[in-house]
Amino acid sequence: MSGTIDTIRTAILEGAPGDEIGALDLPESVRGALVKADEQEMFAGVASEDKDPRQSLHVEEFPLPELAPDEAYVAVMASAINFNTVWTSIFEPVSTFGFLKRLGKESYWGARHDLPYHVVGSDASGVVLQVGNAVRNWKPGDRVTVQCNHVDDQDPTAHNDSMMASNQRIWGFETNFGGLAEIAVVKANQLMPKPEHLTWEEAAVSGLCNSTSYRMIVSQNGAGMKQGDAVLIWGASGGIGAYAVQYVLNGGGIPVAVCSSPKRAEMLRAMGCEAVIDRKAEGYRFWSDETTQDSKEWLRLGKKIREQIGRDVDIVFEHPGRSTMGASVFVARRGGMIITCAATSGFMIEYDNRYLWMNLKTLKGCHFANYAEAWEANRLIGDAKIHPTMSRVYDLDQTAEAALAVHKNESEGKLAVLCLAPEKGLGVLNEELRAKHLDQITLFERFE
Ligand code: NAP
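Residues numbered from 1 in each chain as written. Predicted model: local features only at pLDDT ≥ 70, side-chain atom pairs only at ≥ 80, totals over all residues. Heavy atoms only, no water.

*Asks:* What's the story with helix 1 (residues 5-13) in this structure? I'm lost.
*Replies:* Note: α-helices contain 3.6 residues per turn, so residues at a spacing of three or four share the same orientation. Here helix 1 has its buried residues at I5, I8, R9, A11 and I12. Mapping the buried residues of helix 1 onto a view down its axis gives an arc of 165°, with all of them on the same face. Contacts made by the buried residues of helix 1 are with helix 2 (18-23), strand 1 (29-36), strand 3 (71-80), strand 5 (124-131), strand 9 (183-187) and helix 6 (200-204). In the stretch just after helix 1, G15 is the one whose phi turns positive, near 70°. (Buried < 20%, exposed > 50% of the residue type's maximum accessible area, 1.4 Å probe, protein only. Helix = DSSP H or I, 4+ residues; strand = E, 2+ residues; numbered from the N terminus. Arc of directions from axis to C-beta. Contact = heavy atoms within 4.5 Å.)

Written out as structure tokens, the structure reads:
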């Protein structure tokens, strides 16, 4: 290893063939966004909303680790902010160094991850630089996106639905060497073909959120939505919500899109949602104080939904958690499903169980996606049936600012981060498909 990152960047930008890319020397170290173990107590006693990722998330050089036989080095052209980047940077609900320690105990290769720093990021688009000697389906020069399901394929529990694997992890959150860096280390079974009608940054934003929403809405492992189903989508203009909206519309469902500003309501209408609820304008107060929920407010939301679509929703796409779960369980129709993948506002949940059991509703947990689901979700992007929701583009050095915007709920859709791409707008190979769908691809950016 003695190459430079500039040589790699230039080769990619000039479209060098795979054998030339594969022959490039890699640098000893690269830059990436990381948190430090010796700073994990820095926010002790600070309220969540006041914890500032700009204090904890640094962009620094780190040494490239040795490559395992089933892995690839990927030159990251662009990456994206996910809410898990926020969680890592504010050390909530737990510090991610515990995950790295546990992984470190598993094997020789796992031990590489247990370091006093954690390079974060669970999305990437880029180019394969080198592959380990057990990798069969990918080679240097391949243009890829990355899905973040990190599983050990020698674990038998990983061979039905790999999200059920006992050692399933989210890359760049529960593992080191994530996507917010110049070079990332990924397992070969995280790689997927880059949608070629998209720029590097547009291609980088979908892996995590799009796959999560696919599993939650479309997959039988999630809600398995059918045509005509009505779906209440919290945070409908946010990271996972804006993909959920697209899946509901594509699948012949009826989205009831919740947001918190007139701008977001307008974006959702532009996406094709007819039923939109601005929760801020409606002034819902599901909790009258820290310990008491107000069922009259649940009723008011239910009434609003009926006014808009004439009936109750079949599915609730739930992720805010503590602030909304009581209402979500209440408003789902008799026999309906509340599918949840998160708890942004708090994970100690309270709902009135009578509404669940007496009305035969199902509360179902869901988490990311297996490789097959992520692959199908990526293919839908590649076929331009689902579109990226990128609203802003940051440089790698501005990663912490981008994470702060997500933490403060000040952004819509997805925030992209340029890693090796020197500017936005590069990387498109299929101009014809792009031209056909340009309005939808750029919808979120146009609202900025
Ligand atoms: P995001 O881009 O910040 O969007 C979340 C949206 O939720 C916000 O735009 C906001 O929309 C709404 N929201 C926030 N707090 C709320 C509250 N108290 N009540 C009602 N709505 C609220 O985040 P994201 O990427 O969509 O992720 C959302 C959550 O899912 C995060 O906790 C994340 O960690 C989790 N997640 C889990 C998985 C998984 O695999 N398990 C995958 C992806 C994400 P409005 O203000 O406009 O209503």
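*Asks:* Please clarify how the site of the ligand should be interpreted in this entry.
*Replies:* The full set close to the ligand counts 25 residues, and G239, S260, R279, T344 and F368 are the nearest of them. Between an oxygen atom of the ligand and a side-chain N or O atom of R279, the distance comes to 2.7 Å. Residue C341 places a main-chain N or O atom 2.9 Å away from a nitrogen atom belonging to the ligand. Look at the ligand: alone it shows 900 Å² of surface, and the protein chains cover 90% of it. Every element with two or more residues in the shell around the ligand is listed here: helix 4 (83-89) and helix 7 (207-218). In terms of residue count, the dominant contributor to the shell around the ligand is helix 7 (3 residues). A breakdown of the residues in the shell around the ligand according to their chemical character gives 11 nonpolar, 12 polar and 2 charged. (Near = heavy atom within 4 Å. Polar contact = N/O pair within 3.5 Å; in protein donor to acceptor, adjacent residues only side chain to side chain. Areas by Shrake-Rupley, 256 points an atom, 1.4 Å probe, with all protein chains shown as cover. Nonpolar A, V, L, I, M, F, W, Y, C, P; charged D, E, K, R; others polar.)

*Asks:* How should the pattern of salt bridges be read in this particular structure?
*Replies:* If the charged atoms of two oppositely charged side chains come close together, the side chains can form a pair. Considering all chains together, one arrives at 29 salt bridges under this definition. Its salt-bridge partner being K194, residue E196 comes within 3.1 Å of it at the nearest N-O pair. Residue E196 is classed as partly exposed on the basis of its relative accessible area, which comes to 23%. Given a relative accessible area of 4%, K194 falls into the buried group. The partner of E412 in a salt bridge is K263, with the nearest N and O atoms 3.0 Å apart. Here K263 lies in helix 9 (residues 262-271) and E412 lies in the loop between helix 15 (399-407) and strand 20 (414-418), a separation of 149 residues in the sequence. Overlapping salt bridges, with partners in common, bring together K263, R264, R392, E412 and E448 in one network. (Salt bridge = Lys/Arg side-chain N within 4 Å of Asp/Glu carboxyl O.)

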